[in-house]
Amino acid sequence: MSAAIDADAEDLEPTLESIINQKTLRWIFVGGKGGVGKTTTSCSLAIQLARVRKSVLLISTDPAHNLSDAFAQKFGKEARLIDGFTNLSAMEIDPNGSIQDLLKEGGEGAEELMAQTGGMGSMMQDLAFSIPGVDEAMSFAEVLKQVKSLSYETIIFDTAPTGHTLRFLQFPTVMEKALAKISQLSTQFGPMLNSVIGARGGLPGGQNLDEIIAKMESLRETIAEVNTQFKNADMTTFVCVCIPEFLSLYETERMIQELSSYQIDTHAIVVNQLLFPKKSNDCEQCNARRKMQKKYLEQIEELYDEFNVVKMPLLVEEVRGKEKLESFSEMLVKPYEPPE
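Residue numbers run consecutively from 1 along every chain, following the written order of its sequence. Local features in a predicted model are, by the rule used here, given only for residues with pLDDT of at least 70; side-chain atom pairs are given and counted only at 80 or more, and totals for whole chains, interfaces and linings are based on all residues. Calculation of side-chain values draws on the structure's entire complement of heavy atoms; hydrogens and water are dropped beforehand.

## Comments concerning the environment of L249
In DSSP terms, a helix is any run of H or I states spanning at least four residues, a strand is any run of E spanning at least two, and both are numbered starting from the N terminus. In this structure, L249 sits in helix α12 (residues 246–261). Taking C-alpha positions, L249 is 7.7 Å from Y296, a pair spaced 47 residues apart along the chain. Whether two residues are in contact is decided by their heavy atoms: any pair within 4.5 Å suffices. Ignoring any residue separated from it by four or fewer positions in sequence, one finds L249 in contact with I243, Y296, Q299, I300, L303 and Y304.

## Digging into the nonpolar core
For this analysis, a nonpolar core means a set of buried residues of the types Ala, Val, Leu, Ile, Met, Phe, Trp, Tyr and Cys, connected via side-chain atoms within 4.5 Å. Using a 1.4 Å probe on the protein chains alone, a residue whose accessible area is under 20% of its type maximum counts as buried, one over 50% counts as exposed, and one in between counts as partly exposed. L45 and F71 are the most contacted members of the largest nonpolar core, which has 37 residues in total. Ranked by the residues each element gives to this core, the list is headed by helix α2 (residues 38–50), at six residues. Among residues more than four places away in sequence, those in contact with F71 are C43, I47, L58, I82, F85 and L325. Core analysis: the next-biggest nonpolar cluster, separate from the first, contains 29 residues, I59, C242, I256 and I269 among them.

## What to know about the packing of α2 against helix α14 (residues 322–333)
To get an axis, fit a line to the C-alpha atoms, keeping to the stretch in contact for a helix; angles then go from 0 to 180 degrees between the N-to-C directions. Relative orientation of the contacting elements α2 and α14 amounts to 80°, with a least axis distance of 8 Å. Compared by their axis directions, α2 and α14 come out roughly perpendicular. Contacts from T40, T41, C43, S44, L45, I47 and Q48 in α2 reach L325, E326, F328, S329, E330, L332 and V333 in α14. Under the scheme applied, nonpolar residues are Ala, Val, Leu, Ile, Met, Phe, Trp, Tyr, Cys and Pro; charged residues are Asp, Glu, Lys and Arg; polar residues are all the others, including Gly. Its residues assigned to classes, the contact of α2 with α14 shows seven nonpolar, five polar and two charged. Should an angle fall under 35 degrees it is taken as roughly parallel, and over 145 as roughly antiparallel, whereas 65 to 115 is taken as roughly perpendicular and any remaining angle as oblique.

## So, the sheet that holds strand β3 (residues 80–81)
Strands in a sheet are paired, the pairing made by backbone hydrogen bonds, and the direction either parallel or antiparallel. Pairing within the open sheet is mixed, and its eight strands lie in the order β3-β4-β2-β5-β1-β6-β7-β8. Among the strands making up the open sheet, the edge pair consists of β3 and β8 (308–313). Only when DSSP finds a minimum of two bridges between them are two strands counted as paired. Here strand β6 (residues 236–242) runs beside strand β7 (residues 268–274); their pairing, made up of four bridges, is parallel. Residue C242 lies in a different strand from β7, and its bridge partner there is V271. Sheet strands in contact with helix α13 (residues 284–303) are β6, β7 and β8, and its direction is about 175° off that of β7. Packed on one face of the sheet, α14 meets β7 and β8 and runs near 145° to β8.

Purely spatial values, then, with no claim about function.
Next up, the structure:
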């Protein structure tokens, strides 16, 4: 299941210390079933990484966009420094992108190209859209704007619930296919398109079709490079977040199996919302729930004995704001010790 783990005791510590200390990591995905604490975990991990990295970017691809709520600060599709930090930025991108976003990346005149070429443009667009998952994949064009400059040492994705995340992780391959298809069509129908464009007075900005195709090919090469990095365990890892309940455990196993099929490394699981009632506690519900949690926690530890399994407590108040997130983040690197 994991390409990066060696079976020695140090690697299997119940913390995320190994991820924080792995200086070669550039991409870190945090995901799991809805409502298990992905955003709290990703924000906390970003805070810990910001202490040992020059620059960290935290990106939300979840339509709910909880980063703004977590830090009590508004974020948008441009990276913005988080209040109180000098090297930690955040952004929230719309996962429901469109083919037009990609075409804008290809050049200022690319969208006009579609409009001016009439039926031919529509055919190209329809063919590009016929590739499964291409619409969701387009959201990555937003990310490329930020990371092309290589200005961030580590990038953390706070992802959407499992199904969306798994589709999102296919985007480099999907976008490569889409761009290759558009490039192929443009080569095939290039002379005809140039004739139509010339007859209509050319493209805005004086660009020609060849320049636009060259820019789109450059984007395809960037995506291909990212795709290679995602499959490199030295550069990319996925942190699974779950709670000790059947559905969450089932979803985690499905996700780990799919990540393995995508050749994406995963060797850490964060188990949130654990109850640690005192021995003297006579709350019937607390003790019954703790008993149930203990059963699933034992299953997690047995199933993922080659993973870093991090146990996080259920807190009495919401983890919102810089100070509470910083406090929560400490438990990712130092195992929580329940009171006696």
